[in-house]
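Here are the chains, one letter per residue:
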Amino acid sequence: MNTTRVAVLTPPGRGAIATVLVDGPADGLDWGRLFVAVNGLELVDQEVGRICFGRWGDLENGLPSEQVVVCRTGDTRVEVHCHGGTVAVARILGDLVESGARKCEWIELTGGRCGEPARRVEIEVTEALAAATTWRLASILLDQQSGILLRSLRRIETTDWGSRDELAGLMNELLEWSGLGRVLAGPPAVVLAGAANVGKSSLLNALLGFGRAIVWDEPGTTRDAVVGHTAIDGWPVRLVDTAGLRDTDDEIEAIGIEHTRREIEAADLVVLVVDGSCPVDESTSRSIAAMGTGLVVANKCDLGDETGGMLPDGTLSVSALTGEGIDSLAAAIVGRLVPRVPEPGTAVPVSTRLVECLKRAARAVDDGDETGFRKTMSDAIG
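For clarity, every value in this text was computed on a predicted model and none was experimentally measured.

Time to look at the overall build of the protein. Across its full length, the protein holds 13 helices and 13 strands. A burial count over the protein gives 44% of its 382 residues as buried. Per element, the accessible surface of the protein, about 19600 Å² overall, is 51% carbon and sulfur.

On to the sheet that holds strand β7 (residues 102-103). Pairing within the open sheet is mixed, and its 7 strands lie in the order β3-β4-β5-β6-β2-β1-β7. Whereas interior strands pair on both sides, the edge strands pair on one side only; in this sheet they are β3 (35-37) and β7. Of the strand pairs in this sheet, β3 and strand β4 (residues 51-56) are connected by 3 bridges, and their pairing is antiparallel. For valine 36, the partnering residue across the bridge sits in β4 and is arginine 55.

With that settled, the discussion passes to the sheet that holds strand β12 (residues 295-299). The 6 strands lie next to each other as β9-β10-β8-β11-β12-β13, forming an open sheet whose pairing is mixed. Looking along the sheet, the strands with just one partner apiece sit at the ends: β9 (226-232) and β13 (316-317).

This part covers the environment of isoleucine 123. As for its placement among the helices and strands, isoleucine 123 is situated in helix α4 (residues 120-131). A residue is classified by how much of its surface remains accessible, and isoleucine 123, at 23% relative accessible area, is partly exposed. Between the C-alpha atoms of isoleucine 123 and glycine 382, which are 259 residues apart in sequence, the distance is 9.5 Å. Filtering out sequence-adjacent residues up to four positions away, isoleucine 123 remains in contact with Ile107 and Ala118.

Pairing is possible between side chains that carry opposite charge, provided their charged atoms lie close to one another. Under the defined criterion, the tally for this structure stands at 14 salt bridges. The closest approach of N and O atoms between aspartate 23 and arginine 5, which form a salt bridge, is 3.0 Å. Placement of the pair is aspartate 23 in strand β2 (residues 17-23) and arginine 5 in strand β1 (residues 5-8), with a sequence separation of 18 residues. Between lysine 359 and glutamate 356 there is a salt bridge, with the nearest N and O atoms lying 4.0 Å from each other. Linking lysine 359 with glutamate 356, this pair stays in helix α12 (residues 352-367), spanning 3 residues, or about one helical turn. Glutamate 356 gets classed as partly exposed once you look at its relative accessible area, which sits at 39%.

Those residues of helix α7 (residues 178-185) not exposed but buried are Leu180, Gly181, Val183 and Leu184. Along the long axis of α7, the arc covered by the buried residues comes to 160°, so they all point the same way. At its buried positions, α7 is contacted by α4, α5 (135-158), β10 (235-241) and α11 (326-337).

If you look at the biggest cluster of nonpolar residues, it comprises 65 residues, and the most contacted ones within it are Leu149, Leu153, Leu180, Leu203, Val271, Ile333 and Phe373. If one sorts the elements of this core by residue count, α5 sits on top with 9 residues. Within the second largest apolar cluster, 22 residues are counted, among which are Leu29, Val70, Val80 and Ile92.

Alternating positions in β9 separate cleanly, Val226, Gly228, Thr230 and Ile232 being buried on one face and Val227, His229 and Ala231 remaining unburied on the opposite face. Between the antiparallel neighbours β9 and β10 lie 2 residues, among them aspartate 233 with a positive phi of about 55°.

Within the secondary structure, serine 201 is located in helix α8 (residues 200-208). Exposure remark for serine 201: the relative accessible area of 10% places this residue in the buried category. Of note is the side chain of serine 201, whose polar atom sits 2.5 Å from the side chain of aspartate 241.

The next thing to look at is the environment of alanine 380. Its location among the elements puts alanine 380 in helix α13 (residues 370-381). Since its relative accessible area comes to 0%, alanine 380 is described here as buried. In this structure the C-alpha to C-alpha distance between alanine 380 and arginine 120, which are 260 residues apart in sequence, comes to 7.8 Å.

Rules used in this analysis
- Residues numbered from 1 in each chain as written.
- Predicted model: local features only at pLDDT ≥ 70, side-chain atom pairs only at ≥ 80, totals over all residues.
- Heavy atoms only, no water.
- Helix = DSSP H or I, 4+ residues; strand = E, 2+ residues; numbered from the N terminus.
- Buried < 20%, exposed > 50% of the residue type's maximum accessible area, 1.4 Å probe, protein only.
- Areas by Shrake-Rupley, 256 points an atom, 1.4 Å probe, with all protein chains shown as cover.
- Pairing = 2+ DSSP bridges.
- Contact = heavy atoms within 4.5 Å.
- Salt bridge = Lys/Arg side-chain N within 4 Å of Asp/Glu carboxyl O.
- Arc of directions from axis to C-beta.
- Core = buried A, V, L, I, M, F, W, Y, C linked by side-chain atoms within 4.5 Å.
- Polar contact = N/O pair within 3.5 Å; in protein donor to acceptor, adjacent residues only side chain to side chain.

See below:
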């Protein structure tokens, strides 16, 4: 049975160059029919790591051929670099599949180490790295991909059950970064909430640096959640501007307010925006009391402070109009989402699935359930 697999590594669509990765035994395909190198050597005789220019196609039968660059990157791996058009990629894929290779997704061929099948945690690291939008995230994920995370999990998995205190300590070392793992898994949602017309949309635009949301002085302008993506100090953030919380007879606005409540429930951080140029009314007081661990921001500080000292300690004063206090607000948002940054070489869980597995494993250690612990750790690694 032919075990050769093939996948496209470059993103879908047209591009300058596309890369096709072939994984399997050297004699798994008829490379002599598929590729002819300019240097005259068979592909299996090319040195590992050597870049070979040649032509792809069935030359003996006079079929059209493509100019390609091929490189053996290992004893069982070959990269084919071709024109980035969809036709060229489809042609090469089709030839490989016709020769007996199995087409698969790129993640299946890139997550493992040393030729071994990819573990689920390795796949999650690779997927997170591919989706990383900032250098800061990428640097942490590259650490995990180098084997730091897998070695940490293996150490926990193989620790003697009699050393329960050591096990608990190792689990805690990983779980203390569970919050950061949430950030690595995808941009956290920061919801701007508050009454109508307090300047949430203006604040969203100020944080993004451009006019994403429509700003108007008529209450109820924002009817649905408006989302903007940005990075603050190297950390990706998903900012959500929501409909103002108020009683209304407008059916459409009421639907928007219900959406706001759902966004608040799902948020990683809620920023309650109040109008600092107006006295604090009963509705605002109720909203502040229900905030929990969120941030309170008094907007419109350029118009003066009329809150009479009724806002909680730690309230940030900002002006979306002049930009005053915006940098402090951005820093406060990051401080809540990422209170600590790991040193290079620190193992960090990279998915909510892995965090939940580790929490279950920690409970099994506390309960003295060795069977449950071993199974959960096996599931965590995959």
